Amino acid sequence: MASQPRRWKMPVWHSLQTKFLFSYGIIILALVLFLNTYPIVISQDMVFQSKKDSLWRQADIITSTLAGSEPLTAEGVEATLTKLGVTGVDRLMVTAPDGLVFYDTSEVGNARGTYALLWEVVTALGGEDVFRSEYREKSFRSRAAAPILYRGMTQGAVYLYEFDEEQAQLLQDLQENLMRISIIVCAVALLFSVVLTKALTRRVGVLLQGIRSVREGEYSYRVSMPGGDELSQLAEEFNELTGRLQTTDEVRRRFVSDASHELKTPLASIRLLSDSILQSEHMDSETAREFVTDIGDEAERLTRITEKLLTLTRMDTAPPTHLVPVDVKAVVLRAKRMLLPLAQKSEVTFSLDLTDGCTVLATEDDLSQIAFNLMENAVKYNKTGGEVMVSLFLRRGHTQKEGDLVVLRVEDTGVGIPEADLPKIFERFYRVDKARSRAAGGTGLGLSIVRDTARQHGGTVEVRRRIPEGTCFEVTFPHWKEESP
Ligand code: ADP
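Just so it is clear, the model here is predicted, and its values are computed rather than measured. (Residues numbered from 1 in each chain as written. Predicted model: local features only at pLDDT ≥ 70, side-chain atom pairs only at ≥ 80, totals over all residues. Heavy atoms only, no water.)

Before going further, it helps to examine the site of the ligand. Around the ligand, 20 residues are found, and the nearest of them are Asn377, Tyr381, Ser437, Thr443 and Leu447. Thr443 is positioned such that a nitrogen or oxygen atom in its backbone is 2.7 Å from an oxygen atom of the ligand. With respect to the ligand, the backbone of Gly444 contributes an N or O atom lying 3.0 Å from an oxygen atom. For the shell around the ligand, the secondary structure elements donating two or more residues are α8 (364-380), α10 (446-456) and β12 (471-478). For the shell around the ligand, the per-class residue count stands at eight nonpolar, eight polar and four charged. (Near = heavy atom within 4 Å. Polar contact = N/O pair within 3.5 Å; in protein donor to acceptor, adjacent residues only side chain to side chain. Helix = DSSP H or I, 4+ residues; strand = E, 2+ residues; numbered from the N terminus. Nonpolar A, V, L, I, M, F, W, Y, C, P; charged D, E, K, R; others polar.)

Here we take up a negative patch on the surface. Judged by side-chain charge, Asp284, Glu286, Glu290, Asp294 and Asp297 come together as a negatively charged surface patch. Taking the relative accessible area as the measure of exposure, Glu286 reaches 52% and is therefore exposed. (Patch = residues over 30% accessible without salt bridge, like charges linked within 9 Å, V, L, I, M, F, W, Y side chains within 5 Å. Areas by Shrake-Rupley, 256 points an atom, 1.4 Å probe, with all protein chains shown as cover. Salt bridge = Lys/Arg side-chain N within 4 Å of Asp/Glu carboxyl O. Lys, Arg positive; Asp, Glu negative; His and termini not counted. Charge placed at Lys NZ, Arg CZ, Asp CG, Glu CD. Buried < 20%, exposed > 50% of the residue type's maximum accessible area, 1.4 Å probe, protein only.)

Where helix α4 (residues 166-215) meets helix α5 (residues 230-279), the closest approach of the two axes is 11 Å, and the angle between their N-to-C directions is 5 degrees. Relative to α5, the element α4 lies roughly parallel. Note on element contacts: α5 touches α4 through Leu231, Ser232, Leu234, Ala235, Phe238, Thr242 and Leu245, opposite Leu200, Arg203, Val204, Leu207, Gly210, Ile211 and Val214. Here the residues of the contact of α4 with α5 are counted per class, giving ten nonpolar, three polar and one charged. (Axes fitted to C-alpha atoms, helices over the stretch in contact; angles between N-to-C directions. Parallel < 35°, antiparallel > 145°, perpendicular 65-115°, else oblique. Contact = heavy atoms within 4.5 Å.)

Our next topic: the sheet that holds strand β5 (residues 153-164). One open sheet accounts for five strands, arranged β2-β1-β5-β4-β3; its pairing is antiparallel. A strand with exactly one partner marks an edge of an open sheet, and here the two such strands are β2 (101-104) and β3 (130-136). Pairs of neighbouring strands in the sheet enclose a mean axial angle of 15 degrees, with direction left out of account. Pairing analysis gives seven bridges linking β3 to strand β4 (residues 139-150), with the strands arranged antiparallel. (Pairing = 2+ DSSP bridges.)

This part covers the sheet that holds strand β9 (residues 387-396). The five strands are arranged β7-β9-β10-β12-β11 in an open sheet whose pairing can be described as mixed. What marks the edges here is a single partner per strand, and that holds for β7 (349-354) and β11 (460-465). Ignoring strand direction, the axes of neighbouring strands in this sheet form an average angle of 15 degrees. Pairing analysis gives six bridges linking β7 to β9, with the strands arranged parallel. The residue bridging Leu354 from the neighbouring strand is Leu392, located in β9. Along the sheet, α10 makes contact with β11 and β12, crossing β11 at roughly 135 degrees.

A word on the packing of helix α1 (residues 16-66) against helix α2 (residues 74-84). At a closest axis distance of 11 Å, the pairing of α1 and α2 adopts a crossing angle of 130 degrees. On the basis of their axis angle, the class for α1 and α2 is oblique. Our pair here, α1 against α2, has a crossing hand that is right-handed. Residues Ile61, Ile62, Thr65 and Leu66 of α1 pack against Val77, Thr80, Leu81 and Leu84 of α2. Among the residues forming the contact of α1 with α2, the class breakdown is six nonpolar, two polar and no charged. (Left-handed = near helix turned anticlockwise from the far one by under 90°.)

Take the nonpolar core next. The biggest cluster of nonpolar side chains holds 38 residues, and the ones touching the most others in it are Leu367, Ile370, Leu374, Met375, Val388, Val390 and Val410. Top element by residues in this core is α8. It accounts for seven residues. Apart from residues lying up to four places away in sequence, Ile370 is in contact with Val450, Thr453, Ala454, Val475 and Phe477. Core analysis: the next-biggest nonpolar cluster, separate from the first, contains 20 residues, Val89, Phe102, Tyr103 and Val158 among them. (Core = buried A, V, L, I, M, F, W, Y, C linked by side-chain atoms within 4.5 Å.)

Turning our attention to α8. In a regular helix each residue adds 1.5 Å, so 17 residues correspond to 24 Å; α8 covers 23 Å between its end C-alpha atoms and thus fits that length. Of all 17 residues making up α8, twelve are buried, and the element is well covered by its neighbours. Within the span of α8, buried status applies to Asp366, Leu367, Ile370, Ala371, Asn373, Leu374, Met375, Glu376, Asn377, Ala378, Val379 and Lys380. (Expected span 1.5 Å × (residues − 1).)

Let's shift gears to the confidence of the model for the chain. Low pLDDT marks regions whose predicted coordinates should not be analysed in detail. Here the chain shows a mean pLDDT of 90. Residues at 70 or above account for 98%. Looking over the chain, one finds the lowest element-wise mean pLDDT in helix α9 (residues 434-439), namely 82, and the highest in β7, namely 97. Below pLDDT 50 for its whole length, residues 1-5 participates in two contacts with residues either more than four positions away or in separate chains. (pLDDT = per-residue confidence, 0-100.)

Right, let's talk about the side chain of His457 for a bit. Note on placement: His457 falls in the loop between α10 and β11. Relative accessible area serves as the criterion here: at 8%, His457 is assigned to the buried category. His457 has contacts with Pro320, Leu323, Leu361, Ala362, Thr363, Asp366, Phe477 and Pro478, leaving out every residue within four places of it along the chain.

Each regular strand displays side chains that alternate between the two surfaces of the sheet. Of all eight residues in β12, seven are buried, a share of seventy percent or more. Sheet topology note: the β11/β12 ladder contains six bridges and is antiparallel. The partner of Val461 across the bridge, within β12, is Val475. Taken together, β11 and the strand that follows it, β12, pair antiparallel across an intervening segment of five residues, in which Gly470 is found at a positive phi of about 90 degrees.

See the structure below:
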């Protein structure tokens with residue numbers, strides 16, 4: 001029973017398209033996240049660094065200007081700083097060592113005369129330089145504080161505060177631009193990935209369709225896949241495979257139909273002959289004997305065909321495993337002895353030229369099949385009084401690796417084979433002259449067996465017309481030598 005074609009519904013999340021889109025989505029998302037964070041963080045760091053440099057530079061100038069042998073006073077500080085003319089900061093505060101504010105430029109919440117409890121001031125009074133900057137509510141807020149030191153003594157602290165909206169605006173613009181670019185990149189990349197995955201899955205679908213059609217027996221189906229990529233290669237391989245399947249299928253069908261036909265013909269004859277005997281009431285014993293002999297001949301023919309079919313099937317399914325060195329000369333001599341009665345009937349003579357030492361790694365039976373079939377054909381398709389020449393010799397191979405070859409050549413002076421039939425001569429059931437083959441007891445399988453057997457042992461068979469008449473068959477095998485592996 002033919003198996004039901006499998007056709008399952010694939011869940012959406014299993015499809016190649018979903019998997020590709022999902023992977024692309026993750027990559028795009030990661031890229032967008034990176035694009036929207038890394039440059040911003042780097043820019044912020046750069047701004048913080050520049051703020052730190054500038055505030056510390058100013059704090060340094062102020063502390064070194066204020067430091068001196070005299071303790072600081074509010075008036076002294078004010079006078080010095082007015083002279084110094086500090087610009088670019090939003091608040092400048094100077095405190096005494098105990099945190100009392102001597103000077104403060106802030107208009108709102110001026111701390112002059114009070115104690116500064118700011119963390120930066122307290123830390124600076126402890127002898128450390130401090131800087132802190134933050135980006136909040138679309139502005140940079142930076143604070144720096146430094147101790148005023150004179151010969152290791154802390155005379156006070158300087159506190160600077162800067163509020164910057166300009167750079168923050170620049171950063172804001174950068175962020176917005178990056179966001180816009182990300183959205184565009186995202187849209188384009190998604191569009192591309194959808195188009196690409198759609199094209200890919202469509203092409204895979206074409207291949208899948210091809211495979212399904214072939215599975216359902218449509219061996220003539222071919223896939224067309226332009227593009228020159230891996231999928232095109234896959235399609236080419238698929239077409240090649242399907243072509244082979246088609247050929248094998250055709251050969252198999254032809255073989256089955258030819259075999260049934262070949263078996264039907266003798267069976268029909270047997271039926272006809274037996275009916276004739278049964279139906280004729282007064283058949284003389286001589287005629288009845290003739291009819292029964294004919295029935296026997298047809299039965300023998302059936303036996304020959306089935307035996308040869310079995311030989312071919314055995315070769316297809318179980319190649320010989322136990323190979324031994326076989327002396328081809330002995331095999332040829334035995335075949336000649338077996339064929340002598342047939343040859344004598346049609347006055348055909350044998351002339352043999354056999355070299356010693358032509359050994360082949362095979363089985364005795366297989367080599368006998370080859371020699372017997374070729375020599376039998378040379379007798380069967382010969383003329384009365386014709387000749388069969390068999391030669392056996394060694395030939396040097398074309399390459400070092402190929403080694404020596406054993407050549408068995410069977411020539412005859414017979415009817416010959418037309419040039420057009422030569423390429424088909426090894427096909428199963430192919431016969432040039434059906435009537436002659438039948439009359440000679442042929443089955444049309446002998447040469448197929450010769451070719452398949454020779455191939456199984458690494459050999460080849462060639463056929464050509466012989467000048468001036470007849471046919472020449474040549475079989476070659478790798479020569480087996482004692483030291484051969
Ligand atoms: P068959 O049993 O008919 O001989 P083969 O396969 O041995 O089948 O041969 C196939 C056909 O090839 C034969 O029917 C015959 O027409 C042709 N043939 C084979 N050998 C020779 C030959 N030596 N001379 C002429 N024709 C030949």
